[in-house]
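Results of the structural survey
Residue-level listing of the chains:
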Amino acid sequence: MSRDTTVIAFRQPDNINDPLTELAREGARRMLAQVLVAEADAFVAMWKDLKLPDGRDRIVRHGHGPDRTIQTGVGPVEVRRAKVRDRHVGREAKIRFSSSILPKWARRTKSLDALLPVLYLRGVSTGDFQEVLTALLGKNAPNLSPAVITRLTAEWQTDYDAWQKRDLSVRRYVYVWADGVYLQARMEEAAECMLVLIGATSEGKKELVGFQTGVRESAQSWLA
């Protein structure tokens, strides 16, 4: 019996054939793997003179951590963290290696973290983030579920509250600008007024002193 078939498999709507993106993602994966190994090797080399009583190196490479997915601008990239081991046994504190390139709990690149609040302010609801980011990051966009976005918005609010309460007693400004910027963020019917203060230091550097939403650019809003 012939196994030949004339059935043609059509591309599904959610499957995007993009060889260029796949090539960029594979290149990013290989380059990241090489950089992580080089970073670990540099750390080991820094402690090369530290020896155990029997003469062996105390700080050595120790394989890799488990695979994990990092969300990047070219989509999800599979990576493995290079591990370093301190072979010393005793009461002395262990020497720990921590990657500055790939922190232990990192799940997204910093550039992607910066994109998320912009999308939120542009009116994308937490429930729609998954669908919007699928076109940019690939199907399902792991680590960016509605629950994750909700948690991130809470963290942004916490960071903003802490920034608003920061100590400015040591800052000296020779000039301060006060202005209002009207925004149509989050698709409100009436645009909110963002009250902004910018200070200039004696060195000529401009710094954002503070900002707060108000009803309009009025004395009452500035006082509040």
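What comes next concerns the included structure. Treat the numbers as computed from the prediction; the structure is a model and nothing was measured.

Quick notes on helix H1 (residues 19-46)
- Taking 1.5 Å per residue, 28 residues should reach 40 Å; H1 reaches 41 Å between its end C-alpha atoms and fits that length.
- Buried residues of H1: Arg25, Leu36, Glu39, Ala40, Phe43 and Val44, and no others.
- Contacts made by the buried residues of H1 are with strand E1 (59-72) and strand E2 (75-86).

A word on helix H4 (residues 146-164)
- A rise of 1.5 Å per residue sets the reference length of H4, with its 19 residues, at 27 Å; its end C-alpha atoms lie 27 Å apart and thus fit the reference within 8%.
- Regarding H4, the residues found buried are Val148, Ile149, Leu152 and Thr153. Axial view of H4: buried residues confined to an arc of 140 degrees, hence all on one face. Pointing more than 90 degrees away from the buried face of H4 are the exposed residues Ala147 and Ala162.

A closer look at the nonpolar core
- With eight residues, the main nonpolar core is built from Ala40, Phe43, Val44, Ile59, Ala82, Val84, Ile95 and Phe97.
- For this core, the secondary-structure elements that each account for two or more residues are H1 and E2.
- Per-element tally for this core: the top contributor is H1, with three residues.
- Setting aside residues up to four positions removed in sequence, Ile95 forms contacts with Phe43, Trp47, Leu50, Arg58, Ile59 and Asp86.
- With seven residues, the next largest nonpolar core counts Leu116, Leu119, Phe129 and Val148 among its residues.

What to know about a nonpolar patch on the surface
- Together, Val174, Tyr175, Trp177, Ile198 and Leu208 give the surface a local cluster of nonpolar side chains, amounting to about 470 Å² of exposed area.
- Assignment of secondary structure puts Trp177 in strand E3 (residues 175-183).
- Residue Trp177 is classed as partly exposed on the basis of its relative accessible area, which comes to 37%.

Focus: the side chain of Arg58
- Locating Arg58 in the fold gives a position in the loop between H1 and E1.
- Every residue in contact with Arg58, bar those within four places of it in the chain, is listed here: Leu50, Lys51, Leu52, Arg85, Asp86, Arg87, His88, Glu92, Ala93 and Ile95.

Examining the pairing of strand E5 (residues 206-214)
- As paired strands, strand E4 (residues 192-200) and E5 are joined by eight bridges and run antiparallel to one another. Bridged to Ala200 within E5 is Lys206.
- Linking E4 to E5, which pair antiparallel, is a turn of five residues; within it Gly204 sits at a positive phi near 90 degrees.

Some words on the packing of aromatic side chains
- Following the criterion strictly, the structure yields five aromatic pairs and no others.
- Between the aromatic rings of Phe43 and Trp47, the centroid separation amounts to 6.4 Å while the plane-to-plane angle is 55 degrees, which identifies the pairing as tilted.
- Sitting above the plane of the Trp163 ring, Arg166 keeps its charged end 3.9 Å from the centroid.
- Lying across the ring of Trp177, Lys206 places its NZ or CZ 4.9 Å from the centre.

Here is what the cut-offs are and how they apply
Residues numbered from 1 in each chain as written. Predicted model: local features only at pLDDT ≥ 70, side-chain atom pairs only at ≥ 80, totals over all residues. Heavy atoms only, no water. Helix = DSSP H or I, 4+ residues; strand = E, 2+ residues; numbered from the N terminus. Expected span 1.5 Å × (residues − 1). Buried < 20%, exposed > 50% of the residue type's maximum accessible area, 1.4 Å probe, protein only. Contact = heavy atoms within 4.5 Å. Arc of directions from axis to C-beta. Core = buried A, V, L, I, M, F, W, Y, C linked by side-chain atoms within 4.5 Å. Patch = residues over 30% accessible without salt bridge, like charges linked within 9 Å, V, L, I, M, F, W, Y side chains within 5 Å. Areas by Shrake-Rupley, 256 points an atom, 1.4 Å probe, with all protein chains shown as cover. Salt bridge = Lys/Arg side-chain N within 4 Å of Asp/Glu carboxyl O. Pairing = 2+ DSSP bridges. Phe/Tyr/Trp six-rings, centres within 6.5 Å; stacked < 30°, edge-to-face > 60°. Lys NZ or Arg CZ within 6 Å of the ring centre and 35° of its normal.

Note that every value here comes from positions in space, so none of it alone points to a role or purpose.
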